[in-house]
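One-letter residues, chain by chain:
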Amino acid sequence: MAASGRAAVPEVIWARPERAGRGPRPAFTRDEIAAAAVRIADESGLAAVSMRRVATAVGCGTMSLYNYVPGKDDLIDLMVDLAVGEYRLPDRPSGDWRADLLHLARQARAMMRRHPWLPGAVLSHTSLGPNALRYMEHCLAVLEDSGLDDALKLELISMLNGTVIAMASAEQAAAERAKESGHSPEQRQAAQAGYLKSAVATGQYPLVARVLAGSGPVGDPDEVFARLIGRVLDAYAGPAAG
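Given the structure is predicted, the values throughout are model-derived calculations rather than measurements.

1. As for the overall build of the chain
Then comes step 1: When helices and strands are tallied, the chain shows eleven helices and zero strands.
Then comes step 2: If you list the helices and strands of the chain from N to C, you get α-α-α-α-α-α-α-α-α-α-α.
Then comes step 3: With respect to the principal axes defined by its C-alpha atoms, the chain has extents near 75 × 50 × 35 Å.
Then comes step 4: In the chain, which comprises 242 residues, the proportion classed as buried is 33%.
Then comes step 5: Considering only contacts in the chain between residues 6 or more positions apart, those separated by 24 or more positions represent 67%.

2. Thoughts on the UniProt feature "DNA-binding region" (unreviewed entry) in the chain
Then comes step 1: Per the UniProt record, "DNA-binding region" (unreviewed entry) is found at residues 50–69.
Then comes step 2: Taken end to end, residues 50–69 is 60% helix and 0% strand, and its two terminal C-alpha atoms sit 12 Å from one another.

3. Quick notes on the packing of aromatic side chains
The description of an aromatic ring pair rests on the distance of the ring centres and on the angle between the ring planes.
Then comes step 1: Applying the stated criterion to the full structure yields two aromatic pairs.
Then comes step 2: With 4.5 Å between their ring centres and 20° between their planes, tyrosine 87 and tyrosine 135 make a pair best called stacked. With a gap of 48 residues between them, tyrosine 87 in the loop between α4 (72–84) and α5 (97–114) and tyrosine 135 in helix α7 (residues 130–142) connect regions that are remote in the sequence.
Then comes step 3: The exposure class assigned to tyrosine 87 is buried, which follows from its relative accessible area of 11%.

4. Points about the pattern of salt bridges
Then comes step 1: Under the counting rule described, the total for this entry stands at seven salt bridges.
Then comes step 2: Note that lysine 153 is salt-bridged to aspartate 150, the shortest N-O span being 3.6 Å. Of the two residues, lysine 153 and aspartate 150 are both situated in helix α8 (residues 150–181); the distance of three residues between them amounts to about one turn of the helix.
Then comes step 3: For lysine 153, a relative accessible area of 7% gives the class buried.
Then comes step 4: Taken together, the salt bridges that share partners define one network made up of Arg109, Arg113, Glu171 and Asp222.

The rules we used
Residues numbered from 1 in each chain as written. Predicted model: local features only at pLDDT ≥ 70, side-chain atom pairs only at ≥ 80, totals over all residues. Heavy atoms only, no water. Helix = DSSP H or I, 4+ residues; strand = E, 2+ residues; numbered from the N terminus. Buried < 20%, exposed > 50% of the residue type's maximum accessible area, 1.4 Å probe, protein only. Contact = heavy atoms within 4.5 Å. UniProt positions renumbered as here; feature names shortened; annotations may be inferred. Phe/Tyr/Trp six-rings, centres within 6.5 Å; stacked < 30°, edge-to-face > 60°. Salt bridge = Lys/Arg side-chain N within 4 Å of Asp/Glu carboxyl O.

Laid out in structure tokens, this is it:
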């Protein structure tokens, strides 16, 4: 151990046995502890998750909780992996890797809507737990006949996840801003559109005016999501991907 009491090298929570070979059976499982933490985060945000509050939720003392989970970083790793376990992965790929990855992206977006804290937690906690590994294994199986080499497969999975996280984060930020301001997203969009109309009418932004005039309405968010994910997949579908 280091002088501070921490391990000399980082430890991964899943590399530690959930219970010692001897002694009484633990009163809680890691999944039960993570589920309690997820409920707190879903209700009050990730900042509200503390070892003390989670211990109270599962019915044990704070110091007792450390016997199961060494610290908050490990707890968040467990929370992320528990959420990732919500993917519904088929027994085998369909044979259409683009359709399969779009289906996974839609599942991820829905998951992040259920758990608004998840995008930030995924970005800051990159440990791959058992559920994340199952997801990764499925993605690689989907891409087995894609013609991509292994490095590009991993790159595509990373790009797909990153795009979903970015879009989910933007949606959540807009929803939070609307909630704080007391105005709906539609009202805010209408106000922004009014400002843009008056700004481009000055003639100072001819390129912006041309693009806005030719772009039309933004469209249904679900259709926009599918279109943008499709463009990510397109980038890896052609000869240029090699």
